[in-house]
Amino acid sequence: MAQLQTPLHFDCLNPYPLLPEDSYSYEDAKNHSQAVDEWLGFEKIEPRSIEVGKSETQTWSHLSTQQFQTPYCEIRNILQKLSPKPKQTLVDLGCGYGRFAFVLNRHYPDLHFKGFEVDPYRVKRAQERFQFHHLKNAEILLTDISDPQFEIPNAEYYFIFDFGKNESIMAILEKLKIRARSSSFKVVGRGRATRHYIQELHPWLSQVNEPQHGTHYSIYKS
């Protein structure tokens, strides 16, 4: 039976609550995340076009800032399902403003966060907030992950949201496939393209171990 949905209100004493995923609407989750952003010190950011590497452009003019970022409540649910251990590492490939880092700092402070983002403005703002809130074990790097020379670092967990063109997403998944030959890890795929390509083209992720499916994301194990 579905959980009765109730309004999701921001509480500065519990900014990243762990709630049943069907107990609130996605619109509530986005509104809650906007309140968290303001509390963290991120001013309202107008969507715009950005250069993604040498040959790609992403345009956010048709989206609000909240639509191209994962809600904080969803991040908390993802981490609860991952059950990370201290000293492990989570890599966010296309991390935006590094939301994972703030949730980790509060609830999993011994977990390492490494985020990669191509937009200099997002990286600068995130680094400022990381420093202001004294985040530990967290870094965000200005990096074009669609560059063929980009090397994915070792980690126990990888988060991939639809960050660019389909060709770039597929290239990242191919790099992870190579890495899986020598190490085991979990991949959180979010967005239609990422989940589609994992399901259709990467049975080493989607079929060897049973995935955990959420409404907007799936967790795969290599």
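Refer to the structure presented above.
Since we're looking at a predicted model, the values are computed, not measured. (Residues numbered from 1 in each chain as written. Predicted model: local features only at pLDDT ≥ 70, side-chain atom pairs only at ≥ 80, totals over all residues. Heavy atoms only, no water.)

Within this structure, the stated rule accounts for 10 aromatic pairs. On the numbers, 5.9 Å between centres and 90 degrees between planes, the contact of F42 with F102 is edge-to-face. Of this pair, F42 sits in the loop between α1 (26–40) and β1 (49–52) while F102 sits in helix α3 (residues 99–107), placing them 60 residues apart in sequence. Residue class for F102 comes out buried when judged on its relative accessible area of 3%. Ring centres of F100 and F159 lie 4.8 Å apart, and the angle between their planes is 55 degrees; on these two criteria the pair is classed as tilted. Note that F100 is positioned in helix α3 and F159 in strand β6 (residues 157–161), a separation of 59 residues in sequence. Both residues of the pair, F100 and F159, count as buried. (Phe/Tyr/Trp six-rings, centres within 6.5 Å; stacked < 30°, edge-to-face > 60°. Helix = DSSP H or I, 4+ residues; strand = E, 2+ residues; numbered from the N terminus. Buried < 20%, exposed > 50% of the residue type's maximum accessible area, 1.4 Å probe, protein only.)

Here the focus is the environment of V188. With respect to the element layout, V188 can be found in strand β7 (residues 186–190). According to the relative accessible area criterion, V188 is buried, its value standing at 2%. A sequence separation of 29 residues divides V188 from F159, and the C-alpha atoms of the two residues are 4.7 Å apart. Filtering out sequence-adjacent residues up to four positions away, V188 remains in contact with I78, L82, Y158, F159, I160, Y217, S218 and I219. (Contact = heavy atoms within 4.5 Å.)

This part covers the sheet that holds β6. On the basis of which strands lie adjacent, the open sheet formed by 7 strands has the order β5-β4-β3-β6-β7-β9-β8 and mixed pairing. If you trace the sheet from one side to the other, it starts and ends with β5 (138–142) and β8 (212–213), each paired once. In the sheet, strand β3 (residues 89–93) pairs with strand β4 (residues 112–117) via 5 bridges, with the strands oriented parallel. Of the residues in β4, the one forming a bridge with T89 is H112. Across the sheet, helix α5 (residues 166–179) touches β3, β6 and β7, and the angle it forms with β6 is around 165 degrees. (Pairing = 2+ DSSP bridges. Axes fitted to C-alpha atoms, helices over the stretch in contact; angles between N-to-C directions.)

Time to look at the pattern of salt bridges. Taken as a whole, this structure holds 9 salt bridges when the rule is applied. Close ionic contact of E27 with K30 constitutes a salt bridge, the shortest N to O distance being 3.4 Å. Note that E27 and K30 are positioned in helix α1 at a spacing of 3 residues, about one turn of the helix. For E27, a relative accessible area of 45% corresponds to the partly exposed category. Since its relative accessible area comes to 11%, K30 is described here as buried. Between R122 and D119 there is a salt bridge; the shortest N-O distance is 3.4 Å. One exposure class covers both R122 and D119, and it is buried. (Salt bridge = Lys/Arg side-chain N within 4 Å of Asp/Glu carboxyl O.)

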